[in-house]
Amino acid sequence: MNLQQPISFEFFPTKTAEGAEKLALVRDKLSVLNPLYYSVTYGAGGSTQDGTINTVASIKKAGHSAAPHLSCIGSTRESIKSILDLFINQGVDRIVALRGDLPSGHRDVGEFRYANELVEFIRAETGDHFHIEVAAYPEVHPQAKNAQTDLDNFIRKMNAGANGAITQYFFNVDSYLYFIDSCVKAGMDKPVIPGIMPITNYSRLAGFSDMCGAEIPRWLAKRLEGYGDDIDSIKALGLEVISKLCENLLAEGAPGLHFYTLNQSKTTLDICQNIGISPE
Ligand code: FAD
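Definitions and limits used
Residues numbered from 1 in each chain as written. Predicted model: local features only at pLDDT ≥ 70, side-chain atom pairs only at ≥ 80, totals over all residues. Heavy atoms only, no water. Helix = DSSP H or I, 4+ residues; strand = E, 2+ residues; numbered from the N terminus. Buried < 20%, exposed > 50% of the residue type's maximum accessible area, 1.4 Å probe, protein only. Near = heavy atom within 4 Å. Polar contact = N/O pair within 3.5 Å; in protein donor to acceptor, adjacent residues only side chain to side chain. Areas by Shrake-Rupley, 256 points an atom, 1.4 Å probe, with all protein chains shown as cover. Nonpolar A, V, L, I, M, F, W, Y, C, P; charged D, E, K, R; others polar. Salt bridge = Lys/Arg side-chain N within 4 Å of Asp/Glu carboxyl O. Contact = heavy atoms within 4.5 Å.

(A) Quick peek at unusual backbone geometry. With a phi close to 50°, Asn34 is a non-glycine residue in the positive phi region. Mapped onto the secondary structure, Asn34 falls in the loop between helix H1 (17-30) and strand E2 (37-40). Looking at Asn34, the relative accessible area reads 46%, which means it is partly exposed.

Written out as C-alpha coordinates, the structure reads:
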(Lines give C-alpha, C1' and ligand atoms only; values in the text may rest on other atoms or scores of the structure.)
Protein backbone atom coordinates (compact mmCIF):
# COMPACT_ATOMS: atom_id res chain seq x y z
CA MET A 1 0.00 0.00 0.00
CA ASN A 2 1.19 3.53 -0.68
CA LEU A 3 0.01 6.31 1.55
CA GLN A 4 -2.18 9.01 -0.01
CA GLN A 5 -1.02 11.71 2.38
CA PRO A 6 2.47 13.18 1.87
CA ILE A 7 5.35 12.51 4.23
CA SER A 8 8.37 14.74 4.80
CA PHE A 9 11.65 14.32 6.67
CA GLU A 10 13.52 16.79 8.84
CA PHE A 11 17.31 16.99 9.15
CA PHE A 12 19.59 19.24 11.14
CA PRO A 13 22.72 20.61 9.43
CA THR A 14 25.92 18.70 9.96
CA LYS A 15 29.15 20.37 11.09
CA THR A 16 31.78 18.42 9.17
CA ALA A 17 32.31 17.09 5.65
CA GLU A 18 32.18 13.56 7.08
CA GLY A 19 28.83 14.33 8.74
CA ALA A 20 27.51 15.69 5.45
CA GLU A 21 28.51 12.48 3.66
CA LYS A 22 26.76 10.36 6.30
CA LEU A 23 23.64 12.50 6.04
CA ALA A 24 23.60 12.07 2.26
CA LEU A 25 23.55 8.28 2.82
CA VAL A 26 20.68 8.64 5.31
CA ARG A 27 18.82 10.75 2.75
CA ASP A 28 19.41 8.15 0.02
CA LYS A 29 17.93 5.44 2.25
CA LEU A 30 14.88 7.57 3.07
CA SER A 31 14.38 8.66 -0.53
CA VAL A 32 12.86 5.27 -1.43
CA LEU A 33 9.78 6.48 0.47
CA ASN A 34 9.41 9.38 -1.97
CA PRO A 35 8.98 12.21 0.56
CA LEU A 36 7.42 15.47 -0.57
CA TYR A 37 10.48 17.33 0.74
CA TYR A 38 13.35 17.27 3.22
CA SER A 39 13.42 20.16 5.67
CA VAL A 40 16.61 21.46 7.27
CA THR A 41 16.64 23.25 10.63
CA TYR A 42 18.18 26.68 11.11
CA GLY A 43 19.85 27.78 14.35
CA ALA A 44 18.40 30.92 15.92
CA GLY A 45 20.31 34.07 15.05
CA GLY A 46 21.70 32.35 11.95
CA SER A 47 24.06 30.16 14.01
CA THR A 48 23.80 27.27 11.53
CA GLN A 49 23.27 29.39 8.42
CA ASP A 50 26.15 27.93 6.39
CA GLY A 51 25.30 24.39 7.46
CA THR A 52 21.64 24.88 6.50
CA ILE A 53 22.59 26.34 3.13
CA ASN A 54 25.07 23.52 2.40
CA THR A 55 22.62 20.80 3.44
CA VAL A 56 19.91 22.35 1.26
CA ALA A 57 22.38 22.50 -1.65
CA SER A 58 23.17 18.81 -1.24
CA ILE A 59 19.46 17.88 -1.17
CA LYS A 60 18.77 19.98 -4.28
CA LYS A 61 21.80 18.55 -6.09
CA ALA A 62 20.43 15.04 -5.52
CA GLY A 63 17.22 16.16 -7.25
CA HIS A 64 14.93 16.44 -4.21
CA SER A 65 12.78 19.25 -2.84
CA ALA A 66 14.29 21.06 0.14
CA ALA A 67 12.58 23.27 2.71
CA PRO A 68 15.02 25.26 4.82
CA HIS A 69 13.74 26.44 8.19
CA LEU A 70 14.31 30.13 8.84
CA SER A 71 14.15 31.62 12.32
CA CYS A 72 13.94 35.39 12.71
CA ILE A 73 14.74 36.20 16.36
CA GLY A 74 17.87 38.33 16.64
CA SER A 75 17.82 39.14 12.91
CA THR A 76 17.43 42.30 10.88
CA ARG A 77 15.13 42.74 7.90
CA GLU A 78 18.21 43.11 5.73
CA SER A 79 19.78 39.82 6.88
CA ILE A 80 16.49 37.93 6.42
CA LYS A 81 16.07 39.43 2.94
CA SER A 82 19.54 38.33 1.92
CA ILE A 83 19.01 34.74 3.09
CA LEU A 84 15.65 34.64 1.29
CA ASP A 85 17.42 35.78 -1.90
CA LEU A 86 20.02 33.09 -1.38
CA PHE A 87 17.35 30.40 -0.98
CA ILE A 88 15.63 31.63 -4.15
CA ASN A 89 18.97 31.39 -6.00
CA GLN A 90 19.29 27.82 -4.71
CA GLY A 91 15.99 26.98 -6.39
CA VAL A 92 14.15 26.66 -3.07
CA ASP A 93 10.40 27.28 -3.10
CA ARG A 94 9.33 26.00 0.33
CA ILE A 95 10.28 27.38 3.70
CA VAL A 96 9.47 26.70 7.37
CA ALA A 97 9.15 30.13 9.03
CA LEU A 98 9.87 30.37 12.76
CA ARG A 99 10.61 32.81 15.51
CA GLY A 100 13.28 30.63 17.12
CA ASP A 101 14.64 31.13 20.64
CA LEU A 102 17.35 33.60 21.58
CA PRO A 103 20.46 31.70 22.73
CA SER A 104 21.05 32.25 26.48
CA GLY A 105 23.03 35.41 27.15
CA HIS A 106 21.69 37.14 24.03
CA ARG A 107 19.34 40.03 24.67
CA ASP A 108 18.89 41.69 21.29
CA VAL A 109 15.65 40.33 19.80
CA GLY A 110 16.38 42.13 16.54
CA GLU A 111 13.74 43.44 14.15
CA PHE A 112 11.24 40.56 14.37
CA ARG A 113 9.48 39.68 17.61
CA TYR A 114 7.22 36.84 16.49
CA ALA A 115 6.93 34.42 13.61
CA ASN A 116 3.79 36.13 12.22
CA GLU A 117 6.02 39.15 11.46
CA LEU A 118 8.44 36.91 9.56
CA VAL A 119 5.61 35.38 7.51
CA GLU A 120 4.31 38.89 6.66
CA PHE A 121 7.83 39.96 5.67
CA ILE A 122 8.41 36.93 3.44
CA ARG A 123 5.10 37.55 1.66
CA ALA A 124 5.81 41.29 1.31
CA GLU A 125 9.30 40.70 -0.10
CA THR A 126 8.82 37.57 -2.20
CA GLY A 127 5.08 37.40 -2.95
CA ASP A 128 3.86 33.87 -3.55
CA HIS A 129 7.29 32.44 -4.35
CA PHE A 130 7.49 30.31 -1.20
CA HIS A 131 5.16 27.67 0.15
CA ILE A 132 5.35 28.70 3.81
CA GLU A 133 4.86 26.38 6.73
CA VAL A 134 4.88 27.52 10.36
CA ALA A 135 5.06 25.78 13.74
CA ALA A 136 1.98 24.64 15.67
CA TYR A 137 1.74 23.49 19.30
CA PRO A 138 -1.15 21.11 20.07
CA GLU A 139 0.04 20.97 23.71
CA VAL A 140 0.55 24.77 23.85
CA HIS A 141 3.84 26.64 23.34
CA PRO A 142 5.82 26.67 26.64
CA GLN A 143 5.94 30.49 26.79
CA ALA A 144 2.27 31.05 25.99
CA LYS A 145 0.07 32.79 28.58
CA ASN A 146 -2.65 30.21 28.05
CA ALA A 147 -4.06 27.88 25.41
CA GLN A 148 -6.49 30.45 23.98
CA THR A 149 -3.92 33.22 23.43
CA ASP A 150 -1.55 30.65 21.92
CA LEU A 151 -4.30 29.57 19.52
CA ASP A 152 -5.09 33.23 18.67
CA ASN A 153 -1.39 33.83 17.99
CA PHE A 154 -1.23 30.71 15.82
CA ILE A 155 -4.27 31.79 13.78
CA ARG A 156 -2.74 35.26 13.33
CA LYS A 157 0.45 33.63 12.05
CA MET A 158 -1.49 31.43 9.60
CA ASN A 159 -3.51 34.42 8.40
CA ALA A 160 -0.29 36.38 7.81
CA GLY A 161 0.20 34.18 4.74
CA ALA A 162 1.24 30.68 5.78
CA ASN A 163 0.10 27.77 3.62
CA GLY A 164 0.15 25.23 6.41
CA ALA A 165 1.79 24.20 9.66
CA ILE A 166 3.88 21.42 11.18
CA THR A 167 3.32 20.57 14.83
CA GLN A 168 5.70 20.18 17.69
CA TYR A 169 5.82 16.47 18.46
CA PHE A 170 3.27 15.01 20.84
CA PHE A 171 2.26 11.53 22.00
CA ASN A 172 -1.40 12.16 22.69
CA VAL A 173 -3.68 12.04 19.63
CA ASP A 174 -6.44 13.96 21.47
CA SER A 175 -4.21 17.02 21.90
CA TYR A 176 -3.87 17.16 18.10
CA LEU A 177 -7.56 16.52 17.41
CA TYR A 178 -8.72 19.19 19.87
CA PHE A 179 -6.22 21.62 18.39
CA ILE A 180 -7.48 20.98 14.84
CA ASP A 181 -11.06 21.30 16.05
CA SER A 182 -10.30 24.68 17.67
CA CYS A 183 -8.60 25.87 14.46
CA VAL A 184 -11.62 24.88 12.36
CA LYS A 185 -13.97 26.61 14.83
CA ALA A 186 -11.81 29.73 14.46
CA GLY A 187 -12.21 29.50 10.66
CA MET A 188 -8.71 28.15 9.93
CA ASP A 189 -8.74 24.95 7.92
CA LYS A 190 -5.29 24.96 6.28
CA PRO A 191 -3.33 21.69 6.70
CA VAL A 192 -1.64 21.13 10.05
CA ILE A 193 0.78 18.23 9.68
CA PRO A 194 1.69 16.26 12.81
CA GLY A 195 5.41 16.29 13.63
CA ILE A 196 6.49 12.76 14.56
CA MET A 197 9.38 12.15 16.96
CA PRO A 198 10.79 8.61 16.90
CA ILE A 199 11.75 7.26 20.34
CA THR A 200 15.28 5.87 20.50
CA ASN A 201 16.83 7.36 23.64
CA TYR A 202 14.74 8.07 26.74
CA SER A 203 16.97 10.52 28.65
CA ARG A 204 17.51 12.69 25.57
CA LEU A 205 13.80 12.63 24.79
CA ALA A 206 12.85 13.50 28.38
CA GLY A 207 15.25 16.46 28.48
CA PHE A 208 14.10 17.79 25.13
CA SER A 209 10.42 17.30 25.98
CA ASP A 210 10.81 19.36 29.17
CA MET A 211 12.30 22.19 27.17
CA CYS A 212 9.78 22.28 24.34
CA GLY A 213 6.65 21.50 26.35
CA ALA A 214 5.83 18.10 24.82
CA GLU A 215 4.29 15.77 27.37
CA ILE A 216 5.44 12.17 27.64
CA PRO A 217 2.46 10.31 29.15
CA ARG A 218 3.28 8.93 32.61
CA TRP A 219 2.71 5.31 31.62
CA LEU A 220 5.11 5.67 28.71
CA ALA A 221 7.73 7.62 30.67
CA LYS A 222 7.67 5.05 33.48
CA ARG A 223 8.09 2.15 31.08
CA LEU A 224 10.89 3.78 29.09
CA GLU A 225 12.64 4.92 32.26
CA GLY A 226 12.36 1.40 33.67
CA TYR A 227 14.38 0.02 30.76
CA GLY A 228 17.44 1.96 31.96
CA ASP A 229 20.33 1.32 29.56
CA ASP A 230 18.46 -1.40 27.68
CA ILE A 231 18.39 0.51 24.39
CA ASP A 232 16.86 -2.40 22.46
CA SER A 233 13.77 -2.46 24.69
CA ILE A 234 13.44 1.34 24.52
CA LYS A 235 13.60 1.21 20.73
CA ALA A 236 11.15 -1.69 20.49
CA LEU A 237 8.50 0.00 22.66
CA GLY A 238 9.18 3.33 20.94
CA LEU A 239 8.64 1.78 17.53
CA GLU A 240 5.36 0.20 18.62
CA VAL A 241 4.01 3.37 20.27
CA ILE A 242 4.98 5.75 17.46
CA SER A 243 3.72 3.41 14.72
CA LYS A 244 0.35 3.25 16.52
CA LEU A 245 0.35 7.03 16.94
CA CYS A 246 0.90 7.50 13.18
CA GLU A 247 -1.82 4.98 12.32
CA ASN A 248 -4.29 6.70 14.64
CA LEU A 249 -3.44 10.13 13.27
CA LEU A 250 -3.89 9.02 9.66
CA ALA A 251 -7.15 7.23 10.54
CA GLU A 252 -8.36 10.50 12.09
CA GLY A 253 -7.59 12.38 8.87
CA ALA A 254 -4.16 13.93 9.48
CA PRO A 255 -3.13 15.49 6.14
CA GLY A 256 0.40 14.03 6.21
CA LEU A 257 3.27 13.18 8.56
CA HIS A 258 6.51 15.10 9.15
CA PHE A 259 9.25 12.96 10.71
CA TYR A 260 11.91 14.44 12.98
CA THR A 261 14.49 11.95 11.72
CA LEU A 262 17.34 13.10 14.02
CA ASN A 263 19.51 12.48 10.95
CA GLN A 264 18.95 8.71 11.20
CA SER A 265 17.09 6.53 8.71
CA LYS A 266 16.42 3.23 10.49
CA THR A 267 13.69 4.14 13.00
CA THR A 268 11.81 6.32 10.52
CA LEU A 269 11.99 3.57 7.89
CA ASP A 270 10.76 1.01 10.44
CA ILE A 271 7.82 3.21 11.47
CA CYS A 272 6.89 3.80 7.83
CA GLN A 273 7.06 0.09 7.09
CA ASN A 274 4.84 -0.67 10.11
CA ILE A 275 2.18 1.76 8.91
CA GLY A 276 2.24 0.46 5.35
CA ILE A 277 4.26 3.14 3.58
CA SER A 278 6.25 1.12 1.08
CA PRO A 279 9.18 2.07 -1.18
CA GLU A 280 8.23 3.44 -4.59
P1 FAD B 1 5.81 32.18 17.48
O2 FAD B 1 4.73 31.69 16.61
O3 FAD B 1 6.27 33.59 17.30
O4 FAD B 1 5.31 31.97 18.99
C5 FAD B 1 6.21 32.10 20.09
C6 FAD B 1 5.45 32.47 21.36
O7 FAD B 1 4.97 33.81 21.27
C8 FAD B 1 4.20 31.62 21.63
O9 FAD B 1 4.08 31.47 23.02
C10 FAD B 1 3.06 32.46 21.06
O11 FAD B 1 1.81 32.20 21.72
C12 FAD B 1 3.55 33.88 21.33
N13 FAD B 1 3.16 34.81 20.23
C14 FAD B 1 3.17 34.55 18.91
N15 FAD B 1 2.81 35.63 18.20
C16 FAD B 1 2.57 36.61 19.10
C17 FAD B 1 2.17 37.97 18.98
N18 FAD B 1 1.99 38.54 17.78
N19 FAD B 1 2.03 38.69 20.14
C20 FAD B 1 2.23 38.14 21.37
N21 FAD B 1 2.61 36.83 21.52
C22 FAD B 1 2.79 36.09 20.41
N23 FAD B 1 13.76 26.52 16.29
C24 FAD B 1 14.91 26.90 15.68
O25 FAD B 1 15.66 27.69 16.24
N26 FAD B 1 15.24 26.42 14.44
C27 FAD B 1 14.46 25.56 13.74
O28 FAD B 1 14.80 25.16 12.64
C29 FAD B 1 13.23 25.16 14.33
N30 FAD B 1 12.37 24.35 13.69
C31 FAD B 1 11.16 24.05 14.24
C32 FAD B 1 10.24 23.29 13.50
C33 FAD B 1 9.00 22.97 14.04
C34 FAD B 1 8.02 22.17 13.21
C35 FAD B 1 8.66 23.39 15.35
C36 FAD B 1 7.33 23.02 15.96
C37 FAD B 1 9.56 24.15 16.09
C38 FAD B 1 10.80 24.50 15.55
N39 FAD B 1 11.72 25.31 16.24
C40 FAD B 1 12.90 25.67 15.63
C41 FAD B 1 11.44 25.74 17.60
C42 FAD B 1 10.78 27.14 17.64
O43 FAD B 1 11.65 28.10 17.11
C44 FAD B 1 10.46 27.46 19.09
O45 FAD B 1 9.42 26.62 19.54
C46 FAD B 1 10.16 28.93 19.41
O47 FAD B 1 10.08 29.07 20.82
C48 FAD B 1 8.85 29.44 18.85
O49 FAD B 1 8.88 29.61 17.51
P50 FAD B 1 7.51 29.91 16.71
O51 FAD B 1 7.87 30.15 15.31
O52 FAD B 1 6.51 28.89 17.02
O53 FAD B 1 7.10 31.29 17.45
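Resuming the write-up.
(B) The site of the ligand, seen in detail. Close to the ligand lie 24 residues; Tyr42, Arg99, Asp101, Tyr137 and Asp150 are nearest. Here Tyr42 contributes a backbone N or O atom positioned 2.7 Å from a nitrogen atom of the ligand. At 2.9 Å from an oxygen atom of the ligand is found a side-chain nitrogen or oxygen belonging to Asn153. Out of a free accessible area of 980 Å², the ligand has 85% covered by protein chains. Counting residues per element, the ones that place at least two in the shell around the ligand are helix H4 (115-126), helix H5 (147-159) and strand E6 (164-167). Here the shell around the ligand gets four residues from one element, more than from any other, and that element is H5. Considering only residue class, the shell around the ligand consists of 10 nonpolar, nine polar and five charged.

(C) Representation of the pattern of salt bridges. According to the stated counting rule, one finds eight salt bridges in the structure shown. With its nearest N and O atoms 3.9 Å apart, the salt bridge here joins Arg27 to Asp28. The exposure class assigned to Arg27 is buried, which follows from its relative accessible area of 7%. Residues Asp181 and Lys185 are paired through a salt bridge, measuring 3.2 Å at the closest nitrogen-oxygen approach. With Asp181 and Lys185 both in helix H6 (residues 173-185) and four residues apart, this pair spans about one turn of that helix. Asp181 sits in the partly exposed class, given a relative accessible area of 37%.

(D) Geometry of the environment of Tyr137. With respect to the helices and strands, Tyr137 occurs in the loop between strand E5 (131-136) and H5. With 19 residues separating them along the chain, Tyr137 and Leu118 place their C-alpha atoms 18 Å apart. Once you skip the residues sitting within four places of it in the chain, Tyr137 turns out to touch Asp150, Gln168 and Phe179.

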